[in-house]
Structures are given as structure tokens and as C-alpha cells.
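Summary of the model geometry
If you want the building blocks of each chain, they are given just below.
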Amino acid sequence: MLFGAPGSGKGTAGKIVAEQLHLPHISTGDLLRAHVAAGDEVGEKIRHLMGAGRFVADELVNRIFLDRTAEADCVNGFILDGYPRTIAQAQVLVSELAARRVTPVVIHLQVDYNKITARMAGRRTCAKCGAVYNVESRPPKVDGKCDLDGTDLVVREDDQEEVVSARLASYDRVTRPLVDYFRTAVSRLHSVDGNNAGPLELAERIRELVGKA
Ligand SMILES: [Zn+2]
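Conventions we followed
Residues numbered from 1 in each chain as written. Predicted model: local features only at pLDDT ≥ 70, side-chain atom pairs only at ≥ 80, totals over all residues. Heavy atoms only, no water. Pairing = 2+ DSSP bridges. Helix = DSSP H or I, 4+ residues; strand = E, 2+ residues; numbered from the N terminus. Expected span 1.5 Å × (residues − 1). Buried < 20%, exposed > 50% of the residue type's maximum accessible area, 1.4 Å probe, protein only. Arc of directions from axis to C-beta. Contact = heavy atoms within 4.5 Å.

A few points about the sheet that holds strand β5 (residues 123-126)
- With respect to topology, three strands assemble into an open sheet ordered β6-β5-β7, the strand pairing being antiparallel. The sheet is open, and its two borders are formed by β6 (132-134) and β7 (153-154), each paired with just one other strand.
- In this sheet, β6 lies alongside β5 in antiparallel orientation, the contact comprising three bridges. Note that in β6 the partner of Arg 124 across the bridge is Tyr 133.

Quick look at the structure:
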């Protein structure tokens, strides 16, 4: 289980680790979107809730994840990214994993909020092809233009400072308390400092920790 603030880099690192270890990478966003795209019963519920600007309830999220992790490709393990997000979700997951005799490894990716805010503020996205740049760490060849198609780069709504601040505040309130919960509920909780590490380095750290069974 990978958890960390939005913008901590856990999504990118998680995907790399999953690929290297040949394990499914299961993220909340992808899983919810897949149900919506499939148009199944659960997907219809999610579409309805999100359309109304409401959160998907813990109970439904739990059901989706417990079903997904019971599929055949998860028999050797899986990487959870963005779930559990609340203590209520974590309690259900931890007890279910215990019942399945699965020992979770929880990795808390720590990045300072001012660093996250600065990273997000520098992000620029191509309005046409979706390529992502960063004015500090990955600038385009021509200022403000996409390398691939020359289209103007824009700041996505998700990357705008007030949106980033709101997401960090929500993480702080709802998800960060999970660290204390995991400290008593699981035997393997690790913190990884993500302040100065790129995605590949983070992936390597995570892989080492997951390997120490
Ligand atoms: Zn482009």
C-alpha cells in the first residue's frame, strides 16, 4: 500500500514498481474510471455520485477494492495506490487481508507540502496531446510550447495553486491520520523521504522494502 499526499509522486513510482515486479497496479482513479467506462452496475452508481459532485462512500469503495484484489492476477500480490483513503476503509482492508493471510507492506511517501506546491505550480500541460512539462525540472524546448506539436501549454485546473492547497488540506485531515492507525495495525510500516528523489529512485526504495518479507 502506497500512501502519500497528492503530488508526492506515488502514482508514477507505483506504476514503475508494479511493472518491475509484474504485479497489478491498482489505483482508485483508474479503478473507478474503469467501472464507469464498463457501464456496469457499480459504474452507474459511481457515475451518478460523481456527477452530483459527491464522494463515493467507503462501503462502495471497499467492495470495489476487495473484489478487484480477489481476482486471479492478484494471487502473488498487488500494489494499492490511493486506497485506503480513510480510517474506515483501512480497518476493513486490514481485517480482510488478515483473513486472507496476506501481510501488507505499507509505505508512506513523505514530501514537504511546500515542495509539492512548488512542483505542481511548475507543471504545464499540452492542451492538445496531454504531454506534461515542468518549468523547473522538465522545460519545453520553446518556452510555453509543446515539443511534440507546438501547441500552447496550459496550467491544468488540478495544478492550480488553490486547488492543490485544497487537496493537501483534505489529505491532511482525512488520510494523514492513517499513519498513526497503521503504526498499530500493521507490522510493516515504512516511511520513504521523497523530497529529493526522482520516480526511478523512489521505485527502487519501494522495491527494496517490499522485498524484505
Ligand atoms: Zn502536445
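Past the structure itself, the notes keep going.
Overview of helix α5 (residues 87-99)
- Here α5 is 13 residues long and its end C-alpha atoms lie 18 Å apart, about the 18 Å a rise of 1.5 Å per residue gives.
- Of the residues making up α5, those classed as buried are Gln 89, Ala 90, Leu 93, Val 94 and Leu 97. Seen along its axis, α5 keeps its buried residues to an arc of 125 degrees; they face one direction. Of the residues in α5, the exposed ones pointing more than 90 degrees away from the buried face are Ala 98 and Ala 99.
- Packing partners of the buried residues in α5 comprise α4 (58-68), β3 (79-81) and α8 (178-185).
- A positive backbone phi angle near 60 degrees is found at Arg 101, which sits one or two residues after α5.

Thoughts on the pairing of strand β4 (residues 106-110)
- Counting buried residues along β4, four of its five residues qualify, which places the element largely inside the surrounding structure.
- Two elements, β4 and strand β8 (residues 189-193), share five bridges in a ladder whose sense is parallel. Counted as the bridge partner of Ile 107 is His 190 from β8.

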